[in-house]
Every structure is written in structure tokens, then in C-alpha cells.
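# A closer look at the structure
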Amino acid sequence: MMNTQHLTDLIRLLSLGLVTFLLAGFVKGVIGLGLPTVAVGLLGLAMPTAEAAALLIVPSLVTNVWQLLAGPRFIALAKRLWPMLVGICIGTWAGGGWLASGGNTPGIALGVALLAYAAMGLAAVRMRIPAGWSSGRVSALGVGIGVVTGLVTAATGVFVIPAVPFLQALELDKDDLVQALGLSFTVSTVALAAGLARDGIFHGHAMGVSLLALAPALGGMFFGQWVRGRVSAPVFRRCFFVGLAMLGAELVIQHLR
């Protein structure tokens, strides 16, 4: 039989998962990104980063495919972005095993990644692609951006840096940018899932728990979409990045102790 301490720990973990995916889905519903960043960051406070990354696979995949298919220009964006997408797969597989290595390194890497992402967001840092660049040079840059994004994904479970600033630098219109983010995140999620499965982390039990996390993630996303038109987007983004910075700092401090 399960003793009282184990039952208490289980209830605490389930409560953390419910709140985490509700919040992560809410953030994604409001600003179109942030589900894996919030989910892995918060869960990383209570479990190894690799296990946290495994739990986000199903909610991340479903919500990103949904975001991807909501736009009208999937084929055109896929043709334009394929070099970056290939780079993401290469980088994620090249960094295979980093999350599974255990110890404090993945947690510290995650904290640093969150701090860097928050700093870029608060400073409104934007990449600039010179107007005179040829499509070939942009594609070559896309491959490099993809490889670095994949390596960051393999080390932290988070796949926003530097892919998101690169996509913003392409000067896509709002709908195309949202769909491009969905495409990038979908490929990153599939590549991460394949790597975690290869390392024995994303297995049957983890898949089941990840599937359970889908309901609160979708609930939070629906609510976030409803709230999107009723709040100031710039204010919400600033609050999001401040909270992300605090979470990143806590992760670094916790894993350095």
C-alpha cells in the first residue's frame, strides 16, 4: 500500500502539473508561444529537466499543430523555412543525451536559457536581416539558427532561442508569423520527442502522463485566447518576461546549491 508520504508527494506533483499546464496553456493562448518554456521551467523546480521535457511533448505537439494549421500559408512557409527546420533536427540529434545526462547541468542550462530569453524580451532585442541579403544567404543563416536552436533544445527542452528572434526578423505579417512559430515549434517538439525516446525518457508511462497534461493545457489555451483581446498585450508580455527571469534565476540558484 501507498504510505501517507508517497500519497502526499503524488498529490503535490499532480497539483503542480495541473497548475503548470493551465498556466502554460494560458500564456500560449494570449501571446502565441511560451507553453514549453513555462511548463519545463516550473516542472524543473520539482523534477529532473529531462522528465519535465518528456511531460510537455503531447500538449506541445497538439497545441503547436493546432497553431500551425490555423493559418493559410503552410506550404509557402514550409518552403521558405525548410533550411531552419532541417537545422533544428540536426542540432537536436547532435545534442542527444544532454538532457538524459542527469546532474545539475541541465537545470542550470535551462535557467540560463530562460534568463537569456527574458532579457531579450524585456530589452525588445530584434534581429535585423539586411535588406540586400540574397535568399541563399538567408537560407544559410536559417540552417545555423536551426542547429543552435536544436542544440539549446537538446540541452534544456526549450526551443525558442534563437528561432523566435530569427522568425521575427523575417518581417512576416502577424498571421504568417504565428503560423511560422507553430511550424518551428512542431518540428522542434517532434525532434525532442525522438531524442528523448532514444534515450529511454519518453516511454509509455511518460506518454500517458503527457497525454493527461493535454486537457489543462488546452483549457488554459482556450481561456488565454478569450483573454487575448481583453488585456494589453505589451503589458502582459512584460509581466511574462519578468516572471520568466525570476523562474530562470531560481532554477540556476537551486541547481548551484
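Residues numbered from 1 in each chain as written. Predicted model: local features only at pLDDT ≥ 70, side-chain atom pairs only at ≥ 80, totals over all residues. Heavy atoms only, no water.

Where an unreviewed UniProt entry is consulted, the protein chain appears under the name Probable membrane transporter protein, with the organism given as Pandoraea pneumonica. Quoted verbatim from the Subcellular location (unreviewed entry) field of UniProt, the annotation for the protein chain is "Cell membrane". The record in UniProt for the protein chain states the following under Sequence similarities (unreviewed entry): "Belongs to the 4-toluene sulfonate uptake permease (TSUP) (TC 2.A.102) family." (UniProt positions renumbered as here; feature names shortened; annotations may be inferred.)

This part takes up the packing of helix α6 (residues 105-122) against helix α12 (residues 233-256). Where α6 meets α12, the closest approach of the two axes is 8 Å, and the angle between their N-to-C directions is 155°. Taken together, the axes of α6 and α12 are roughly antiparallel relative to one another. The handedness of the crossing between α6 and α12 comes out as left-handed. A class-by-class count of the residues in the contact of α6 with α12 yields 18 nonpolar, five polar and one charged. (Axes fitted to C-alpha atoms, helices over the stretch in contact; angles between N-to-C directions. Helix = DSSP H or I, 4+ residues; strand = E, 2+ residues; numbered from the N terminus. Parallel < 35°, antiparallel > 145°, perpendicular 65-115°, else oblique. Left-handed = near helix turned anticlockwise from the far one by under 90°. Nonpolar A, V, L, I, M, F, W, Y, C, P; charged D, E, K, R; others polar.)

Taking the UniProt record as the reference, the feature "transmembrane region" (unreviewed entry) is found at residues 45-69, 81-101, 107-126, 138-165, 177-197, 204-223 and 235-253. As annotated, residues 45-69 has a helix share of 80% and a strand share of 0%, and its two end C-alpha atoms lie 33 Å apart. With 80% helix and 0% strand, residues 107-126 has its two end C-alpha atoms placed 27 Å apart.

Looking along the chain, the bond that leaves Ile161 and enters Pro162 is cis, with omega of -5°. Tracing the chain through its elements places Pro162 in the loop between α7 (135-156) and α8 (163-169). Phi is positive for Glu171, close to 55°, though the residue is something other than glycine. Topologically, Glu171 is positioned in the loop between α8 and α9 (174-198).

Put simply, helix α4 (residues 57-69) and helix α11 (residues 214-228) touch, their axes get as near as 9 Å, and they point 40° apart. In this structure, α4 crosses over α11, and the sense of that crossing is right-handed. Of α11, the residues touching α4 (which contributes Val58, Pro59, Val62, Thr63 and Trp66) are Leu214, Ala217, Leu218, Met221, Phe222 and Gln225. (Contact = heavy atoms within 4.5 Å.)

What follows concerns the pattern of salt bridges. Opposite charge on two side chains makes pairing possible when the charged atoms of those side chains draw close. Evaluation of the coordinates by the stated rule reveals two salt bridges. Notably, a salt bridge pairs Arg73 with Asp176, separated by 2.8 Å at the nearest N-O pair. One end of the pair, Arg73, is in the loop between α4 and α5 (74-94); the other, Asp176, is in helix α9, and 103 residues separate them in sequence. For Asp176, a relative accessible area of 7% gives the class buried. A salt bridge links Asp199 to Arg198; its shortest N-O distance comes to 3.9 Å. (Salt bridge = Lys/Arg side-chain N within 4 Å of Asp/Glu carboxyl O. Buried < 20%, exposed > 50% of the residue type's maximum accessible area, 1.4 Å probe, protein only.)

The biggest cluster of nonpolar side chains holds 63 residues, and the ones touching the most others in it are Phe21, Met84, Tyr117, Leu167, Leu196 and Phe240. Examining the composition of this core, we find that nine residues originate from one element, α9, more than from any other. Setting aside anything within four residues of it in sequence, one finds Met84 in contact with Gly142, Val143, Ile145, Gly146, Ala163, Phe166, Leu167 and Ser184. (Core = buried A, V, L, I, M, F, W, Y, C linked by side-chain atoms within 4.5 Å.)

What follows covers the layout of surface pockets. The calculated volume of the largest pocket comes to roughly 1000 Å³. Put simply, the parts of the chain that give the lining of the largest pocket at least two residues each are α1 (4-31), α4, α6, α8, α9, α11 and α12. With six residues, the top contributor of residues to the lining of the largest pocket is α9. In this structure, the second largest pocket encloses a volume near 560 Å³. When contributions to the lining of the second largest pocket are tallied by element, the ones reaching two or more residues are α1, α3 (49-55) and α10 (204-212). Take the lining of the second largest pocket: its biggest share by element is six residues, from α1. Considered class by class, the residues forming the lining of the second largest pocket number 15 nonpolar, four polar and one charged. (1 Å grid on protein atoms, 1.4 Å probe; cavity = no way out; pocket = protein on both sides within 12 Å on 5 of 7 lines; lining within 4 Å. Points joined across faces, edges and corners; volume = space filled by probe spheres on them.)

Turning to α9, a few remarks are in order. Every α-helix winds through 3.6 residues per turn, so residues three or four apart in the chain are directed the same way. The end-to-end C-alpha distance of α9 is 36 Å, a good match for the 36 Å that 25 residues give at a rise of 1.5 Å each. Summarising burial for α9: 18 of the 25 residues are buried, a large majority. Structurally, the start of α9 carries an N-cap: the backbone nitrogen of Asp175 is 3.2 Å from a side-chain oxygen of Asp173. Count one or two residues on from α9 and you reach Gly200, which has phi positive near 75°. (Expected span 1.5 Å × (residues − 1). Polar contact = N/O pair within 3.5 Å; in protein donor to acceptor, adjacent residues only side chain to side chain.)

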